[in-house]
4 protein chains.
Amino acid sequence: MAGVNKVILVGNLGSDPEIKYLEGDNAVANFSIATTEAYKNRNGERVEQTEWHDLEMWGAQAKIAEQYLKKGSQIYVEGKLKTDKWQDEQGQNRYRTKIRVLSFTMLGGKPDGATSGSPSATPQATQQKPASAAPTAAPKAQEMVTDAEDDDLPF
Amino acid sequence: MAGVNKVILVGNLGSDPEIKYLEGDNAVANFSIATTEAYKNRNGERVEQTEWHDLEMWGAQAKIAEQYLKKGSQIYVEGKLKTDKWQDEQGQNRYRTKIRVLSFTMLGGKPDGATSGSPSATPQATQQKPASAAPTAAPKAQEMVTDAEDDDLPF
Amino acid sequence: MAGVNKVILVGNLGSDPEIKYLEGDNAVANFSIATTEAYKNRNGERVEQTEWHDLEMWGAQAKIAEQYLKKGSQIYVEGKLKTDKWQDEQGQNRYRTKIRVLSFTMLGGKPDGATSGSPSATPQATQQKPASAAPTAAPKAQEMVTDAEDDDLPF
Amino acid sequence: MAGVNKVILVGNLGSDPEIKYLEGDNAVANFSIATTEAYKNRNGERVEQTEWHDLEMWGAQAKIAEQYLKKGSQIYVEGKLKTDKWQDEQGQNRYRTKIRVLSFTMLGGKPDGATSGSPSATPQATQQKPASAAPTAAPKAQEMVTDAEDDDLPF
DNA sequence: TTTT
DNA sequence: TTTT
């Protein structure tokens, strides 16, 4: 029963996070990151291999992602694998694996477009975001952002 | 472009490894392991959540897996995520994520059926395995088994 | 400022945990685990290299360690590095690095001496342990044991 | 006997790497990186805790470190713990723990002073470096740099 | 000794 | 499909 299910990634966002606000001031963010590996093949040629990973963040994390992460951002991510399995209309098994993020941190220098060097410089409000989600004393994405709710919400 | 793509698992095999021997004395092993997480829900009830992970091992690793791992074995695994994407007959995107194992080690005490405490005590030959695959000086699964070919074969 | 400080170990206890009970029902457990690596040297001889790691656990974790872990137990550990630095009487810098455990889980089959297969079968009370530390509904060490207090006590 | 001894760090160099060239074109690089953790204490005040880690790299890795890493660089590091133990003149046990780096990658955008965005743009030769160490087709530090020699040199 |  |  003892189990360890851990994923560690360093990669770049393929697009801005997509965030959905749910009842009770909850939120989910979804986005993909690419990890690229370079190696030499048998002919000594350099080859690049890119792998895409679907990430999912919940709650405060999602809101921070919305504020600070965007297409191209480089992040360190720690999470766990979750595979959804269902049957399609043809009765065939379908699978989709994503990484439920437990903590992440932004890497690299100032985010692009930041003027002061602080990532909190440009918290862009979005129409879609209800007032209650206003980031009062939000941590910054350059600190480790952990998922407080993981204990009782392991979905 | 810098990338890290790392998975760390501790879990139990759901079935014996399936091994396929390929041309040139190469081999692949496939099997799944379960990681189980226990937590308390909002009502204070204990809930278990099991996640299944599809593993793939190549070369010498695959042969060691065949020899030493079986249904129920507990292993520590380190690897990387690889997602296959293709289109089915309906033209829909299909995905399947597996873990390409880079190293693993057997956990726990003596493997079942071992008399001396050494896992190398019972290298059972199988019909399916060609002679060339005979484990001459095979490492044991209770040591760390690494994938020597990973450098130029990152498929 | 973004930082990651993570240690992952699988090893065996060199001795029973030493536990100290502190004011306010707090507790610390200290013990070492060995990780052994086997490799072939230039002459093709098999060499074993053992590394010892000093672990420190706090609070409920420490109590669980006291209950379930003993000399020889195999565990998976996740934690962070902490180095104490001080000056000795000669004014020389002295260093000691330990791993502050954030979560751990027992590996392998039934713990030695367990009759029913449940590790909770033998919660041995010790003289040294104050009554208040009695494990009412203690988690088992074969589940992942996490350090709830890590957030505001990162010493 | 199965063992896992793994360290994962993301931090910043406290100083330029110190490299020593040895016989046979071998080389070692030593330097420290800081990992900083921020948390709120009981009074709700934000506290920062910095941990310093001593890293050691060998061979080609050391040469790449010399070329591309400098004070302040942010890196992702994977390695293993190694503790030296000896007795000082007073006969007391002394310990020093370092991380033997197995792979690393530079994080963040273009290195400071790079014009083209390629870190290989400024391979500064140093007096101390023998000709044989000239980086002919050196990997870049923004790719994963692995320690090829680890298999038979686990010191 | 770094970084924000 | 595992394990406790």
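Residues numbered from 1 in each chain as written. Chains lettered and ligands numbered in written order. Predicted model: local features only at pLDDT ≥ 70, side-chain atom pairs only at ≥ 80, totals over all residues. Heavy atoms only, no water.

Per an unreviewed UniProt entry, chain A goes by Single-stranded DNA-binding protein and derives from Algoriphagus ratkowskyi. Under the UniProt heading Subunit (unreviewed entry), the note attached to chain A is "Homotetramer." (UniProt positions renumbered as here; feature names shortened; annotations may be inferred.)

Caption draft 1: Broad picture of the pattern of salt bridges. Applying the stated criterion to the full structure yields 48 salt bridges over all chains. A salt bridge links Glu78(C) to Lys6(A); its shortest N-O distance comes to 2.9 Å. Of the two residues, Glu78(C) is situated in strand S5 (residues 74–87) and Lys6(A) in strand S1 (residues 4–13); the pairing between them involves two chains. The exposure class of Lys6(A) is buried, given its relative accessible area of 11%. Taking the shortest distance from any N to any O, the salt bridge between Arg100(A) and Asp147(A) comes out at 2.3 Å. Here the residue Arg100(A) occupies a position in strand S6 (residues 93–106), and Asp147(A) occupies one in the segment after strand S7 (145–146), the gap between them amounting to 47 residues. Given a relative accessible area of 1%, Arg100(A) falls into the buried group. One network of salt bridges, with partners in common, ties together Lys6(A), Glu78(A), Lys6(C) and Glu78(C). (Salt bridge = Lys/Arg side-chain N within 4 Å of Asp/Glu carboxyl O. Helix = DSSP H or I, 4+ residues; strand = E, 2+ residues; numbered from the N terminus. Buried < 20%, exposed > 50% of the residue type's maximum accessible area, 1.4 Å probe, protein only.)

Caption draft 2: How the structure looks around the interface of chain A and chain B. Contacts between chain A and chain B engage 41 residues on the former and 42 residues on the latter. Here chain A and chain B share an interface that buries about 3,500 Å² over both sides, 45% of which is from carbon and sulfur atoms. Linking chain A to chain B there are four salt bridges. A salt bridge links Glu37(B) to Lys80(A), with the nearest nitrogen and oxygen atoms 3.1 Å apart. There are ten residue pairs in polar contact (both at pLDDT 80 or more) connecting chain A and chain B. Secondary-structure elements contributing two or more residues to the side of chain A that touches chain B are S1, strand S3 (27–40), strand S4 (46–58), strand S5 (74–87) and S6 of chain A. In terms of residue count, the dominant contributor to the side of chain A that touches chain B is S1(A) (eight residues). Among the residues forming the side of chain A that touches chain B, the class breakdown is 14 nonpolar, 13 polar and 14 charged. Relative to strand S1 (residues 4–13) of chain B, S1(A) runs antiparallel, the two sharing seven bridges. Considered in S1(B), the bridge of Asn5(A) is made with Leu9(B). (Contact = heavy atoms within 4.5 Å. Buried area = accessible area lost by both parts, 1.4 Å probe. Polar contact = N/O pair within 3.5 Å; in protein donor to acceptor, adjacent residues only side chain to side chain. Nonpolar A, V, L, I, M, F, W, Y, C, P; charged D, E, K, R; others polar. Pairing = 2+ DSSP bridges.)

Caption draft 3: Broad picture of the relation of the copies chain A and chain D. The two copies are related by a screw motion: chain A maps onto chain D through a turn of 180 degrees and a shift of 0.0 Å along the axis, at an RMSD of 0.0 Å. Each copy turns onto its partner about a two-fold axis. Residue Gly108(A), judged by its C-alpha, is the member of chain A lying nearest the rotation axis, at 1.7 Å. The overlap is high: 100% of the interface residues of chain A also sit at the interface in chain D, so the same surface is used on both sides. (Least-squares fit on C-alpha atoms with pLDDT ≥ 70 in both.)

Caption draft 4: A look at the environment of Asn41(D). All names here are of chain D. As for its placement among the helices and strands, Asn41 is situated in the loop between strand S3 (27–40) and strand S4 (46–58). Under the relative-accessibility criterion, Asn41 is labelled partly exposed at 21%. At 2.9 Å, the side chain of Asn41 and the backbone nitrogen of Asn43 are in polar contact.

Caption draft 5: Inspection of the relation of the copies chain A and chain B at higher detail. You can overlay chain A on chain B at an RMSD of 0.0 Å; the transform is a turn of 180 degrees with a shift of 0.0 Å along its axis. A symmetric contact is evident, with 100% of the interface residues of chain A recurring at the interface of chain B.

Caption draft 6: Structural context of the interface of chain A and chain D. With nine residues of chain A in contact, the opposing surface of chain D contributes ten residues. Between chain A and chain D, the buried area comes to about 740 Å², and carbon and sulfur atoms account for 58% of it. Counting every contact that joins chain A to chain D gives two salt bridges. Our count for the contact surface shared by chain A and chain D stands at four residue pairs in polar contact (both at pLDDT 80 or more).

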